[in-house]
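For reference, the chains in residue letters:
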Amino acid sequence: MAAGCEAVHVRAPMPEIVRDRAKCLRIGVVWLAGMMWVLAGMAQPQTLSTYGTPGLVDMPTARVLEDGAVALTTNRYGNTVRNSATFQVLPRVYGTFRYSIIRDFDAPRDRFDRSFDLHFQIADETPGRPALALGLRDFGGTGVLSSEYLVATRTVGDRLTGTIGLGWGRLAQRGAFRNPLAVVADGFEDRPNTGAGGISTTGQLDFGAWFQGPAALFAGFEFQATDRLSLQLEYSSDAYDAETSRGLIDIDSPINVGLNFTYPSGSSLRAFVIGGTEVGLQYSHVFNPKRRRSPGGLDEAPLPIPDRRAAIQADMDLSDRAALMSARETLQRLLADEGITLEAFRVDGPRATVRIQNDRYDVEAQAIGRTARVMASTLPGNIDAFVIIPQVFGVPNSAVTLQRDDMRALQTDYDGAWRLLARSRIGDAPVMGRADEVPGLYPKFSYGLAPYTAFSFFDPDEPVRLDAGAELALSFAPMPGLSFDAVLRRPIISTIDDATRQSDSVLPRVRSNAVLYAQQSDFEINRLTAEYMFKSGENLFGRVTGGYLENMFAGLSGELLWYPIDSRLALGAEINYARQRDFDMLLGLQDYDVITGHASAYYEFGNGFVGQLDAGRYLAGDWGATFGLDREFNNGFRIGGYFTLTDVSFDDFGEGSFDKGIRFTVPLSWLTGKPSRVGYSQVIQPVLRDGGARLSVPNRLYGVTRDYRAQNLSNGWGRVFR
Amino acid sequence: MTIRTPVIALMLLALMACGTAIEDDSAIGQSVAALRRDAPDFVPRFITLLQAEAPVLQVGFVDLGTNGNLLLERQDGDFAYWLSPDGGQIVLQSGMLHSTRGLGEGLLASDLSEPLALVLGLRSGWSDRLHTYLDGEDFAITRTYRCRIDYEGPRRIDLLGRPVDTVLMRESCRSLDQAFVNVYWVVPSSRTIVLSRQWAGPEIGPVSTRVVPR
C-alpha cells in the first residue's frame with residue numbers, strides 16, 4: 001500500500017442491542033474509557049512485544065494470553081508508532097490487528113499500515129518440553145512487517161524464561177541462511193517480493209510467500225525480577241533493512257533490551273531500546289471479557305418464592321372475572337418493579353400464561369425466573385404451571401413452561417438452576433392473537449434523547465475522526481409488531497467533515513462517499529421507517545420495513561427467518577429495493593438504485609462461537625458472500641470478524657482488495673454489574689470501499705429473535721434464580 | 001479467632017431507630033448506607049419491612065470494613081431471607097450462610113446438610129459442603145469443600161448488652177485452591193446460631209452475622 005491510501009470510514013455504529021427502539025444510547029467514548037479502567041484481578045503479568053503480542057522486545061515468544069483475553073498496546077520509537085489489538089480467540093490461537101505509522105517511509109509521505117497476525121501454539125510447556133508456536137505476522141497486508149516464525153519458549157527456574165526461534169521474511173534480515181524447508185521443496189528457496197505489488201495486491205493473502213526465502217535464528221530471555229518488574233534481552237533477526245536504507249533508524253547492535261512494569265490492573269508500562277540507540281516507550285492493557293466487574297451482579301434481590309398458600313391472592317378463584325382482573329393488575333405492578341411489561345395474561349384451569357416484554361435483564365433466563373417468581377408470589381394456590389412467553393416488538397418468541405412446585409423446591413437447591421432446566425419445557429410460542437392482551441397496552445409511544453458518536457478510522461491525514469452530537473429517537477407502535485420509527489441526529493462536533501480525500505472508486509459509490517454525507521449534512525434524518533414484524537408459523541418469523549432505512553439508502557426491505565426453537569441453525573432470506581439518499585441526509589434521493597438481498601445461514605458452534613454466512617447481491621450490484629465468525633462470551637461481550645468476497649475483481653475493489661472487518665460489542669452490564677439491555681457495538685473496517693457492501697437494515701430478525709430461543713435461554717440459565 | 005464487631009453504641013442506636021421515620025442522617029441510615037459503598041436510596045421493599053418492624057440481623061463485611069442491618073423479608077422453614085437497604089439479600093439456612101443476591105458475590109446456593117448437622121448438634125467431625133457460584137460468564141460452578149468441625153467449648157458472649165451462654169463451633173474448610181474458617185456461637189438450649197463469621201466467597205470474603213434480640 002502506498003502512503004496515498006485514502007480516507008476510510010467505519011460503518012455508522014449501529015447498536016446491536018436496540019431492542020428498545022427508542023433507547024439508542026451511544027456513550028461509546030465513556031465506555032471505551034471504562035474498558036481501560038475496568039477489571040482488577042488480571043492474573044500473571046504478560047510481556048507484550050512491540051507488535052502487541054506475547055514476546056520479548058521485537059521478537060515473539062511461544063507464549064499465549066489467557067483464553068479470551070484482549071491486549072491493547074501502543075508504542076512509539078524512532079519514526080514508528082504501532083497500535084495493536086490482540087485477541088486470544090482460542091486457548092492456543094491468537095489474532096492481532098495492528099495500525100502502524102512509519103513517518104517519512106515514502107518520503108516525504110508517511111506509511112500507514114494495517115496488518116493482521118495469527119499465532120498458533122502447537123504445544124504448551126510441560127516439564128519435559130518447551131512451549132512451541134508457529135506464527136504469521138502481517139499475513140494479509142502490504143508486506144512491510146510480513147514475516148513468519150517457529151519459536152520455542154521454556155521456563156528455567158523460577159524467574160527466567162528462554163526463547164529461541166527461526167524466522168522468515170522480515171525476521172530473516174540478519175544472519176540469514178538457506179531455508180531449511182528447501183529440503184522439502186525447491187520453491188521455499190526464494191521469497192517473492194511481496195511488498196512490490198503496491199495497492200493492487202494489498203489485502204490479498206500472501207500464501208505464496210509464507211515460510212519462503214532465507215531463514216534466520218533469533219533468541220532471547222526474560223528475567224522476572226519481581227512480580228511486577230521484568231527485563232527482556234534479545235538477539236534480533238530483524239535488521240530494519242527498509243528503515244535503515246531510508247535513514248529512518250540507526251541500528252548499531254543486534255541486541256534489543258526492554259524493561260516492563262505491570263500494574264495490578266492489567267496495564268503495563270515499558271521502556272525499550274532497539275538496535276542499541278532507538279529508545280521506545282510502550283503502554284499496554286490486558287483484560288479478559290470473561291470477568292465482569294461483579295460476577296453475581298448488583299441487581300436487587302428477587303422475591304423469595306413462597307408456599308402457594310402464602311401467595312398474595314392465594315384463595316382467589318380466577319374463573320371470576322373480577323378476581324382475574326385483580327390478579328392481572330397485581331402481576332402488572334410487580335413485574336413493572338422488575339423492569340418487565342406484562343402484555344397478556346390468561347388462565348386455563350391450573351395453567352397461567354403470561355406474555356411479557358423484558359426491558360431490563362440482559363440475561364434473558366433471569367427475566368424468565370423473575371417473572372415466574374412474581375407469578376408464584378401472586379397467583380392463587382390452584383395454579384400449578386406457569387407458561388411464560390417473551391415477546392419482542394409484540395411478537396411472541398418462545399414459550400417456557402415451569403412447574404410452580406419445582407420453582408419453590410429448587411430455589412434453595414445447590415444445583416437448582418440446572419435441575420429446574422431439566423424439568424422445564426422450552427417450546428416455540430404459538431401464533432397468537434390479541435385476545436388476552438392487557439388493556440391500554442397500545443398504542444405505545446416512546447422517545448429517547450441521547451448522545452451519539454460515529455467514528456472514521458485510518459484516514460492518513462487523521463487516523464481517528466469523530467462525529468459526536470445529539471440523537472433523538474422516536475417510536476410509535478399502534479399495534480403489536482407494527483411501528484413507526486425515526487432517528488434524528490444533530491452533530492455538534494465533527495472532524496469527519498474535515499476530510500479532504502475523495503473517492504476514487506470505479507464501482508457505484510455506495511459507501512465510499514461517506515465523507516460527502518458528513519460534509520453536506522447538518523441536521524440529519526438517520527432513519528425514518530415503518531416496520532412490521534410478525535410470526536407467520538411454527539419457528540417462522542417475518543419482517544417488512546420501508547422508508548429511509550439507513551444513513552445512505554432508502555427503500556423497502558422484506559425478510560423471513562426460519563429458526564427452530566431448539567436448533568443451533570437458523571436460515572434466513574432477505575430482499576431489498578434500495579435507492580441512494582441525498583448527501584444532505586434529508587428526504588431527497590439520488591438516481592442510483594439496486595435490488596439487493598441475501599440468503600443467510602446462522603450457526604452456533606458451541607463454546608460461544610457463532611458463524612454467519614450471507615450469500616447474495618450487494619449494494620454495488622456485485623454478487624458474492626460474507627463469512628463471519630464471532631466469539632460471544634456468555635455475559636454478552638462479543639468479538640468477531642468477517643470478510644466478503646464478490647465478483648468485483650481485487651483491482652476494481654481498490655485498496656484492500658476485498659471488504660473485511662473486525663467488530664465487538666460491550667454490554668453495559670459487563671461494566672456496571674447492573675442488569676441492562678444496552679450495549680455498545682462497533683465495526684472497524686481497515687478500508688471502507690464499495691465492493692461487498694451490504695444494506696444496513698435495522699432489526700434484522702436473527703438479532704431480534706435469538707435471545708429468547710432455547711439455546712440462548714439455556715446458556716443463561718445459571719441466572720434463573722438470581 | 002476474634003470477631004471484628006461493629007461499634008456497639010452505633011448498633012444500639014440503630015436498633016432504637018428501627019421503626020421510626022427513615023432519615024439519611026439517622027443512625028440506622030448511616031449504618032446501613034455503609035453496607036455498600038455506592039448505596040443508593042432504600043428500595044421500597046426494605047422500607048415496607050422497616051415500617052413493619054421486621055426482625056433485624058447485623059451483618060458485617062469483614063474485608064470491606066463495612067457493616068449494617070438487614071431486615072427479615074421471609075422466614076420459610078429453615079430458610080431466612082434477609083434484605084439489605086439497597087435490595088441485596090443474604091439467605092441463611094438455620095443461621096448458616098446459604099446464598100447471596102445483589103452483593104457482588106455470585107453465591108447462588110449451597111448444600112449445608114452435613115455441616116449443619118454437626119454444628120447444631122454440637123459435635124466434632126468431618127463434613128462436606130457444596131457452594132454453587134456464578135462466574136463472570138454466568139455459568140453456575142459448584143465447588144466442594146472438605147471441612148473439619150470442632151467443638152471449642154462453652155463461651156459466654158455479650159449480645160448487645162445481654163450476656164448469652166453459647167458453645168463455640170469452628171469449621172475449617174479447604175478445597176484444592178481455597179481455604180477458609182467459619183466460626184459459630186450456638187445457643188445449646190435452642191440450637192440456634194446467634195453470632196457467626198462465615199466465608200461467602202472469593203469476591204466479598206467473610207461475613208459476620210449477629211442476631212438482634214427482639
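Keep in mind that what you see is a predicted model, and the values were worked out from it rather than measured.

*Asks:* What exactly am I supposed to notice about the overall build of chain B here?
*Replies:* Helix and strand counts for chain B come out as four helices and twelve strands. Expressed as a percentage of the 214 residues in chain B, the buried residues total 44%. Across chain B, the fraction of contacts at a sequence separation of at least 24, relative to all contacts at a separation of at least 6, is 46%.

*Asks:* Got a minute to help me understand the overall build of chain A in this structure?
*Replies:* If you tally the helices and strands in chain A, you get eleven helices and 31 strands. Its C-alpha atoms give chain A a radius of gyration of 28 Å, within 12% of the compact-globule value 27 Å for 722 residues. Structurally, chain A occupies a C-alpha span of about 90 × 65 × 45 Å along its principal axes. Evaluated residue by residue, chain A yields a buried proportion of 52% over its 722 residues. Here the contacts in chain A between residues at least 6 apart in sequence split such that 61% fall between residues at least 24 apart.

*Asks:* What is the right way to look at the interface of chain A and chain B in this model?
*Replies:* Note on interface size: it is often stated as the accessible area lost on association of the parts. If you look at the interface, chain A gives 31 residues, while chain B gives 34 residues. Across the side of chain A that touches chain B, the residue classes tally to twelve nonpolar, ten polar and nine charged.

*Asks:* Explain the sheet that holds strand E5 (residues 131-137) of chain A here, please?
*Replies:* Within a sheet, adjacent strands bond to each other through the backbone by hydrogen bonds, running parallel or antiparallel. Residues and elements named next belong to chain A. Pairing in this closed barrel of twelve strands is antiparallel, and the strands run E1-E2-E3-E4-E5-E6-E7-E8-E9-E10-E11-E12 around the ring. Strand-to-strand twist across the sheet, computed as the mean angle between neighbouring axes with direction ignored, equals 20°. The sheet contact formed by strand E7 (residues 160-169) and strand E8 (residues 215-224) spans nine bridges and is antiparallel. Pairing of Thr163 across the sheet is with Gly220, part of E8.

*Asks:* Where do I start with unusual backbone geometry in this structure?
*Replies:* Glycine aside, residues mostly have negative phi, and peptide bonds are mostly found in the trans state. A:Ala107 connects to A:Pro108 through a cis peptide bond whose omega is 5°. With an omega of 0°, the peptide bond between A:Tyr442 and A:Pro443 qualifies as cis. Even without being a glycine, A:Asn607 presents a positive backbone phi close to 55°. Its place among the elements puts A:Asn607 in the loop between strand E26 (589-606) and strand E27 (609-617). At B:Ser94, a residue that is not glycine, the phi angle is positive and equals roughly 50°. Along the polypeptide, B:Ser94 turns up in the loop between strand E4 (89-93) and strand E5 (96-101).

*Asks:* Looking at this model, I keep getting lost on the environment of B:Leu195. Mind explaining?
*Replies:* All names here are of chain B. Mapped onto the elements, Leu195 comes out in strand E11 (residues 192-199). Using a count of 24 C-beta atoms within 10 Å as the deciding quantity, one classes Leu195 as buried. On a C-alpha basis, the gap between Leu195 and Cys147 in space is 20 Å, while along the polypeptide they are 48 residues apart. Contact partners of Leu195, with chain neighbours within four places excluded, come to Ile157, Leu159, Trp185 and Arg210.

*Asks:* Would you mind going over the environment of A:Asp106 with me for this structure?
*Replies:* With respect to the helices, strands and loops of the structure, A:Asp106 is situated in strand E3 (residues 93-106). Taking the C-alpha atoms as reference points, A:Asp106 and A:Leu410, 304 residues apart in sequence, are found 69 Å from one another.

*Asks:* Help me out: how do you make sense of the confidence of the model for chain B in this one?
*Replies:* Keep in mind that low pLDDT regions are not for reading the predicted coordinates in detail. Residues and elements named next belong to chain B. The predicted model of chain B has a mean per-residue pLDDT of 83, with 81% of residues at 70 or higher. Ignoring residues within four places in sequence, the model shows residues 1-39, a span with pLDDT below 50, making 57 contacts including any to other chains. Across the predicted assembly, pTM comes out at 0.86 and ipTM at 0.81.

*Asks:* Mind showing me how you'd approach the pairing of strand E12 (residues 206-211) of chain B here?
*Replies:* Note on strand geometry: in a regular strand, side chains alternate between the two faces of the sheet. Residues and elements named next belong to chain B. The element E12 is extensively covered by neighbouring structure, given that five of its six residues are classed as buried. Alignment of strand E1 (residues 56-61) against E12, held across five bridges, turns out to be antiparallel. Note that in E12 the partner of Leu57 across the bridge is Val211. Here E11 pairs with E12 via five bridges, running antiparallel. Counted as the bridge partner of Ser196 is Thr209 from E12. Hairpin connection from E11 to E12: six residues lie between these consecutive antiparallel strands, with Gly205 at a positive phi of about 70°.

*Asks:* I would appreciate a short explanation of the nonpolar core in the present structure.
*Replies:* Counting 104 residues, the largest nonpolar core has A:Leu331, A:Val354, A:Met375, B:Leu71 and B:Trp82 as its most contacted members. Sort the elements by how many residues they give to this core and helix H4 (residues 364-378) of chain A lands first, with seven residues. Beyond its immediate sequence surroundings of up to four residues, B:Trp82 is in contact with B:Leu57, B:Leu70, B:Leu71, B:Leu72, B:Glu73, B:Gln89, B:Ile90 and B:Leu92.

*Asks:* How do you make sense of the pairing of strand E23 (residues 540-548) of chain A when you look at a structure like this?
*Replies:* Residues and elements named next belong to chain A. When strand E22 (residues 524-537) meets E23, the two strands line up antiparallel, connected through nine bridges. Its bridge partner being in E23, Ala530 is matched across the sheet by Gly546. Adjacent in sequence and paired antiparallel, E22 and E23 are bridged by two residues, among which Asn539 carries a positive phi angle near 60°. The pairing of E23 with strand E24 (residues 553-562) spans eight bridges and is classified as antiparallel. When the bridges of E24 are listed, Gly547 appears paired with Gly555.

*Asks:* What is the right way to read the sheet that holds strand E6 (residues 107-111) of chain B from this model?
*Replies:* Residues and elements named next belong to chain B. One open sheet holds the twelve strands; their spatial order is E5-E4-E3-E2-E1-E12-E11-E10-E9-E8-E7-E6, and the pairing between them is antiparallel. If you trace the sheet from one side to the other, it starts and ends with E5 and E6, each paired once. Sheet twist, expressed as the mean angle between neighbouring strand axes with direction ignored, is 30°. Bridge analysis of strand E9 (residues 162-174) against strand E10 (residues 179-187) gives eight bridges, and the strand direction is antiparallel. Each bridged residue has a counterpart across the sheet, and for Arg170 the counterpart in E10 is Val183.

*Asks:* Which parts of the structure should I look at to understand the packing of helix H3 (residues 321-337) of chain A against H4(A)?
*Replies:* To describe two helices that pack against each other, one gives the angle between their axes and the distance between the axes. Residues and elements named next belong to chain A. It is at 10 Å that the axes of H3 and H4 come closest, and there the two elements cross at 140°. Here H4 runs oblique to H3, going by the angle between their axes. Viewed along their axes, H3 and H4 form a crossing whose handedness is right-handed. For the pair H3 and H4, contact is made by Ala327, Thr330, Leu331, Leu334 and Leu335 and by Thr371, Val374, Met375, Ser377 and Thr378, respectively. For the contact of H3 with H4, a count of residues per class yields six nonpolar, four polar and no charged.

*Asks:* Mind showing me how you'd approach the confidence of the model for chain A here?
*Replies:* All names here are of chain A. For chain A, the average pLDDT comes to 88, and 91% of its residues sit at 70 or higher. Confidence over residues 1-43 falls short of pLDDT 50; this stretch has 121 contacts with residues more than four positions distant or in other chains. A low-confidence stretch, residues 195-201 stays under pLDDT 50, and its non-local contacts, those more than four residues away or across chains, total eight contacts.

*Asks:* Sorry, what's going on with H4(A) here?
*Replies:* Because each turn of an α-helix spans 3.6 residues, side chains separated by three or four positions in sequence point in the same direction. Along its 15 residues, H4(A) runs 21 Å from first to last C-alpha, staying within 8% of the 21 Å computed at 1.5 Å per residue. Counted residue by residue, H4(A) has 15 buried out of 15 residues, so it is predominantly covered.

*Asks:* I would appreciate a short explanation of the environment of A:Ser521 in the present structure.
*Replies:* Tracing the chain through its elements places A:Ser521 in the loop between helix H7 (514-520) and E22. Sequence-distant contacts of A:Ser521, defined by excluding residues within four places in its chain, comprise A:Phe583, A:Asp584 and A:Met585.

*Asks:* Looking at this model, I keep getting lost on H3(A). Mind explaining?
*Replies:* All names here are of chain A. With 17 residues, H3 extends 25 Å from end C-alpha to end C-alpha; this agrees with the ideal 24 Å at 1.5 Å per step. Of the positions making up H3, those classed as buried are Ala327, Arg328, Leu331, Leu334 and Leu335. The buried residues of H3 all sit within an arc of 140° when viewed along its axis, so they share a single face. Of the residues in H3, the exposed ones pointing more than 90 degrees away from the buried face are Ala322 and Arg333. Close packing links the buried residues of H3 with strand E13 (340-348), strand E14 (351-358) and H4.

What counts and how
- Residues numbered from 1 in each chain as written.
- Chains lettered and ligands numbered in written order.
- Predicted model: local features only at pLDDT ≥ 70, side-chain atom pairs only at ≥ 80, totals over all residues.
- Helix = DSSP H or I, 4+ residues; strand = E, 2+ residues; numbered from the N terminus.
- Buried ≥ 20, exposed ≤ 12 C-beta atoms within 10 Å, placed from the backbone.
- Contact = placed C-beta atoms within 7 Å.
- Rg over C-alpha atoms; globule rule 2.2 N^0.38 Å.
- Nonpolar A, V, L, I, M, F, W, Y, C, P; charged D, E, K, R; others polar.
- Pairing = 2+ DSSP bridges.
- Axes fitted to C-alpha atoms, helices over the stretch in contact; angles between N-to-C directions.
- pLDDT = per-residue confidence, 0-100.
- Core = buried A, V, L, I, M, F, W, Y, C linked by C-beta atoms within 7 Å.
- Parallel < 35°, antiparallel > 145°, perpendicular 65-115°, else oblique.
- Left-handed = near helix turned anticlockwise from the far one by under 90°.
- Expected span 1.5 Å × (residues − 1).
- Arc of directions from axis to C-beta.

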